[in-house]
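Here are the chains, one letter per residue:
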Amino acid sequence: MIHLVVSWVFGWLLLCLCGRSASQLSYSISEEVNKGTVVGNIAKDLNLNIHDIQSRNLRIVSSHGKAFFDVNLPTGNLVVDERIDREEVCPNMARCSLRVQAVVSDPMNVYRVEVSVSDINDNSPEFIEESFSLNISESMSPGERYLLPVAEDADTGSNSVKSYKLSQNEYFSLDVQSGGEHGLSAELVLQKGLDREKLPVLNLFLTAVDGGKPARTGTLNINVNVLDVNDNTPVFTRSLYKARVYENTAVGTVVIRLNATDLDEGQNGKIKYSFIKRGNSDPSNIFDLNADTGEIKVKGELDYEETPAYEVRVQATDHGNFPRSAHAKLLIEVIDENDNAPEISVTSLMTPLKEDAELGTIVALITVNDKDGGKNGVAVCKVVGSVPFKLKSNYKNEYSLVVDGALDRENTSVYNVTVKATDEGDPPLSTIKVITVHISDVNDNAPVFMVPVINVYLRENSQTGSVIDTISAVDPDLDHNAKVIYTLLESSPRNIPISSMININSATGDIISLQSFNYEELKTFQFKVQATDSGVPPLSSNVTVNVFILDENDNSPTILAPYSEHGSVNSESIPYSAEAGYFVAKIRAVDADSGYNALLSYHLSEPKGNNLFRMGTSTGEIRTKRRMSDNDLKTHPLVVLVSDNGDPSLSATVSIEVVVVESAADIQTQFRHVPMKEESFSDLNLYLLIAIVSVSAIFLLSLITLIAVRCHRTDGGLGRYSAPMITTHPDGSWSYSKSTQQYDVCFSSDTLKSDVVVFPAAFPPVDGELISINGGDTFTRTQTLPTKEKVGYFSRNQNSSSKISRHPSVIDTQGSCGETFSSFLTSISIFVGYSLRINEHLASFISEI
């Protein structure tokens, strides 16, 4: 125990002197200590808080086959976890040390710990042979020396064999020499001549003693056979032979040739060579010695990593009746070749790894070993390929695989990290090992909508509880982090809570109407939907939803006063002398719908054969078709049908009784007939012409100003705000369009009068998108070109019926100045052509009042 304390104090002082930058501790213990023996307080030596080592999971990682040590977490002591037999762990090694690694987490650190295992005297010296025989001629003179077998002791240092003792006798003494492979060697020295006739056999005991306390011994029985005279001993040319041979040399390759001579003649001078087996090493397993020639060849496999050198004892023996022998030492050095590739071992792998791991986070601990020596055993390790990982050197051949870049599981969920170790041999050898690192998901992606704004088109009077649209957000995260929940963000269009109008299915994203909508009350409203994932913390994103209510023909035309007054009798009088075109009455009606559904047409429902009256289908004016005749009735009941252009069409009727009187003085109606033809140019027409010319001049000046501004700003930033364009059409109608609005003007094809109808588009296109209604509940979206705008106009058929046809035309709202000038000329021609028709309308209106 005192030795353990002294070793520990020495290791501690050495650690303090060397500093802690290397993150290495050194301890020393004796072999065969009991399980649980304290090696040292590793927590204190590493400056770790004793209260944190359990939460930080302090543990010992060993690359050995057995786990010899463990950590007592409550005390922080490094303790022996398994019996350590030094002779088993470090066979034939003078110094034995076990290297382990201490690993802590949060943050993760690795410390190198080296534990030296000291030897105890637990093994006795042993001779391989149970007995040893010597044949010594009786003619041998004192001073002859005979090499004896050596004893083997598994212990090392002071516990190994330290001396030999020979049993008491009068003929031999023992000469013990130090040095060599086995430390000590013993030789018998003849002190007194032998007499075979007196003592043919001599029994001796050789005792090997180790240096332990108490000492252990081993005994060998030596039988000395006294032979007759052979007075010349073979002699080697050298007492020490040296040879070098490459490892992996082919079997049969000659290593060296021995040479010994004997001065005797005949059989006494003929020499044979042999190996001397010493201890547990048998050179005959590796080399073959030709007994006659002394030639030594390779017999087995030479491996520098197992045995870098061989020390072989050889002897030369003559063939005399009483053979004499001589011995020599042979040192064979094995030259290393680069025949071993580096070995890569992963001692600890932390996987899966979170994708938000910080730079420098340890992923795995890697150890590289090469059995070769010198440069052949020096290996360089690196990561191959472009991956967000790198190797960090810890100590010599120990590395840490750490994070060296940003990780994104959504892009790469598994990394196959290729680690390559290459030695410095010639040619170099390398080893590749693939380490699979799995990346775990964290909630780092918010749900994403495909578009920032969603436009939903819904017919009015739609059924309550119907799904008007389904929205969807995509979250690239995994599992729970990708589960999306949809919620409605409260907003109040016209102070109406949005939650009372619609609802959303939190799981599917279905938007459900909670009421039926009326276009005449609410045309559009907006709200936001939030998509939130289920991660911790949760992430969310919003999308704006625009709901456009589309009009349906659900309102019938309404007749305006005076013909709509309750209880009134609708009666009009005309003189018998009324000519064709005489103004009888004007029906006015409105429709609460919009667009086509609000475009009204007027018709007469009359008995067959009654062709006295006609009606303006768009103006609602009732006029005479011809002069009256004596055959016409004096009272004409008329039924006026007012129909909208919806599908199906809705209508309203009003009844008017037209009474024919003898003279115009008897007419009591508010409006009087003014003949359409005048014989002379009156003052009223003069005033009317002046008004038309003034308006025309103002219009032309405004149009020229707009063209000048457009030509000046053709390439400017205001090009997206296009100038108004007027387009003519084959049927005589024209359309006025702008980038933000559109008006269609239609003229009827009545012979005498023209009806003017100007109305805006029922719904403005949203973000360059034109909605076309194909009938029923089917809607299609048409994407327009960036610089084009679709314009629609309506023209009435020649027969003045209520049927309306739609003609598409495309005009360039961002054209060049030349195109604008061309449109200007076209507009002038249109304006001049239709000014006369407007004149007719104004004249007719003035004549009526």
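Residues numbered from 1 in each chain as written. Predicted model: local features only at pLDDT ≥ 70, side-chain atom pairs only at ≥ 80, totals over all residues. Heavy atoms only, no water.

The name an unreviewed UniProt entry gives the chain is Cadherin domain-containing protein, with Takifugu rubripes as the organism. In its Function (unreviewed entry) section, the UniProt entry covering the chain states "Potential calcium-dependent cell-adhesion protein. May be involved in the establishment and maintenance of specific neuronal connections in the brain." Checking UniProt for the chain, the heading Subcellular location (unreviewed entry) contains the comment "Cell membrane". (UniProt positions renumbered as here; feature names shortened; annotations may be inferred.)

Time to look at the overall build of the chain. Broken down by element type, the chain carries five helices and 59 strands. Here the chain, with 849 residues, has 42% of them falling under the buried criterion. Considering only contacts within the chain whose residues lie at least 6 apart along the sequence, 65% involve residues at least 24 apart. (Helix = DSSP H or I, 4+ residues; strand = E, 2+ residues; numbered from the N terminus. Buried < 20%, exposed > 50% of the residue type's maximum accessible area, 1.4 Å probe, protein only. Contact = heavy atoms within 4.5 Å.)

Looking at the secondary structure, you find Ser97 in strand E6 (residues 97-104). When the C-alpha positions of Ser97 and Tyr27 are compared, they lie 9.4 Å apart, and in sequence the two are 70 residues distant. In contact with Ser97, other than residues within four places in its own chain, are Cys90, Glu114, Val115, Ser116 and Val117. At 3.3 Å, the side chain of Ser97 forms a polar contact with the side chain of Glu114. (Polar contact = N/O pair within 3.5 Å; in protein donor to acceptor, adjacent residues only side chain to side chain.)

The grouping of Val448, Met450, Val451 and Val474 at the surface amounts to a nonpolar patch, some 370 Å² of accessible area in total. Following the sequence through the fold, Val451 ends up in the loop between strand E34 (448-449) and strand E35 (453-459). Classification of Val451 as partly exposed rests on a relative accessible area of 41%. (Patch = residues over 30% accessible without salt bridge, like charges linked within 9 Å, V, L, I, M, F, W, Y side chains within 5 Å. Areas by Shrake-Rupley, 256 points an atom, 1.4 Å probe, with all protein chains shown as cover. Salt bridge = Lys/Arg side-chain N within 4 Å of Asp/Glu carboxyl O.)

Another aspect to go through is the sheet that holds strand E23 (residues 295-298). The strands making up a sheet associate through backbone hydrogen bonding, with each pair oriented either parallel or antiparallel. Strand order in the open sheet formed by three strands is E19-E23-E22, and the pairing between neighbours is antiparallel. Sheet topology places strand E19 (254-257) and strand E22 (287-289) at the edges, where each strand pairs with a single neighbour. Between one strand axis and the next, the sheet turns by 20° as a mean value, whatever way the strands run. Bridge analysis of E19 against E23 gives three bridges, and the strand direction is antiparallel. Paired with Arg257 across the strands is Glu295, a residue of E23. (Pairing = 2+ DSSP bridges. Axes fitted to C-alpha atoms, helices over the stretch in contact; angles between N-to-C directions.)

What follows deals with the pairing of E23. Both E22 and E23 contribute to a ladder of three bridges, which runs antiparallel. By the bridge assignment, Phe287 is partnered in E23 with Val298.

As summarised here, the arrangement of the four strands in space is E9-E16-E15-E12, forming an open sheet in which the pairing is mixed. Strands at the two margins of the open sheet, each flanked by one partner only, are strand E9 (131-137) and strand E12 (161-166). Each strand of the sheet is rotated relative to its neighbour by a mean of 25°, with strand direction disregarded. Relative to strand E16 (residues 217-227), E9 runs parallel, the two being bridged by seven bridges.

Glancing now at the pattern of salt bridges. Evaluated as defined, the whole model comprises 22 salt bridges. We note a salt bridge from Arg112 to Glu114, for which the minimum N-O separation is 4.0 Å. Grouping residues by exposure puts Arg112 and Glu114 together as buried. Each member of the salt-bridge network shares a partner with another, and the members are Arg95, Arg99, Arg112, Glu114 and Glu398.

Within the element layout of this structure, Asp591 appears in the loop between strand E46 (589-590) and strand E47 (601-605). A polar contact is formed between the side chain of Asp591 and the backbone nitrogen of Asp593, at a distance of 2.9 Å. Apart from residues lying up to four places away in sequence, Asp591 is in contact with Asn553, Asn555, Ser556, Pro557, Asn597, Ala598, Leu600 and Asp644.

Our focus in this paragraph is the packing of aromatic side chains. Enumeration over the complete set of coordinates arrives at eight aromatic pairs. Counting every residue linked through ring pairs, the aromatic cluster contains Phe236, Tyr241 and Tyr273. The ring of Tyr519 carries Lys523 above its face, with NZ or CZ at 4.8 Å from the centroid. (Phe/Tyr/Trp six-rings, centres within 6.5 Å; stacked < 30°, edge-to-face > 60°. Lys NZ or Arg CZ within 6 Å of the ring centre and 35° of its normal.)

Another aspect to go through is unusual backbone geometry. Trans is the prevailing form of peptide bonds, just as negative phi is the prevailing case for residues other than glycine. Here the residue pair Asp106 and Pro107 is connected by a cis peptide bond, since its omega of -5° sits within 30 degrees of zero. With an omega dihedral of 5°, the bond running from Asp647 to Pro648 counts as a cis peptide bond. Looking at the secondary structure, you find Pro648 in the loop between strand E50 (635-643) and strand E51 (651-661). Positive phi, normally seen in glycine, also occurs at Asp106, with a value near 55°. In this structure, Asp106 sits in the loop between E6 and strand E7 (109-118). Looking at Asp106, the relative accessible area reads 66%, which means it is exposed.

A few words on the state of the cysteines. Across all of its chains, the model carries one disulfide by this definition. One disulfide in the model links Cys90 with Cys96; its S-S distance is 2.0 Å. Here the S-S torsion is close to 55°, and the disulfide linking Cys90 with Cys96 is therefore right-handed. An identical accessibility class is assigned to Cys90 and Cys96; each is buried. (Disulfide = S-S within 2.5 Å.)

Right, let's talk about the side chain of Asp153 for a bit. Relative to the assigned elements, Asp153 resides in the loop between strand E11 (151-152) and E12. Of the buried charged residues, Asp153 lacks a salt bridge, with Arg216 as the closest side chain of opposite charge at 7.5 Å. Apart from the residues within four sequence positions on either side, Asp153 is in contact with Asn123, Ser124, Pro125, Asn159, Ser160, Val161 and Asp210. (Lys, Arg positive; Asp, Glu negative; His and termini not counted.)

Structurally, Tyr241 can be placed in strand E18 (residues 240-246). When the C-alpha positions of Tyr241 and Leu258 are compared, they lie 8.2 Å apart, and in sequence the two are 17 residues distant. Excluding anything up to four places from it in sequence, Tyr241 contacts Phe236, Ile256, Leu258, Asn259, Ala328, Lys329, Leu330 and Leu331. Within the structure, the side chain of Tyr241 is placed 2.8 Å from the side chain of Thr237, a separation counted as a polar contact. Looking at Tyr241, its side chain comes within polar contact range of the main-chain nitrogen of Arg238, at 3.5 Å.

Tracing the backbone through its elements, the reader meets Ile29 in strand E1 (residues 24-30). Judged by its relative accessible area of 2%, Ile29 falls in the buried class. The spacing of Ile29 and Val80 is 51 residues in sequence and 9.4 Å in space, taken between C-alpha atoms.

Turning our eyes to something else, we now look at a negative patch on the surface. A cluster of like negative charges, contributed by Glu301, Glu306, Glu337 and Asp339, occupies part of the molecular surface. Tracing the backbone through its elements, the reader meets Glu301 in the loop between E23 and strand E24 (309-318). (Charge placed at Lys NZ, Arg CZ, Asp CG, Glu CD.)

On to the confidence of the model for the chain, then. Of all residues in the chain, 76% have pLDDT values of 70 or greater, and the mean over the chain is 77. Of the regions scoring below 50 in pLDDT, residues 1-22 engages in 19 contacts with residues more than four places distant in sequence or in other chains. Ignoring residues within four places in sequence, the model shows residues 843-849, a span with pLDDT below 50, making 13 contacts including any to other chains. (pLDDT = per-residue confidence, 0-100.)

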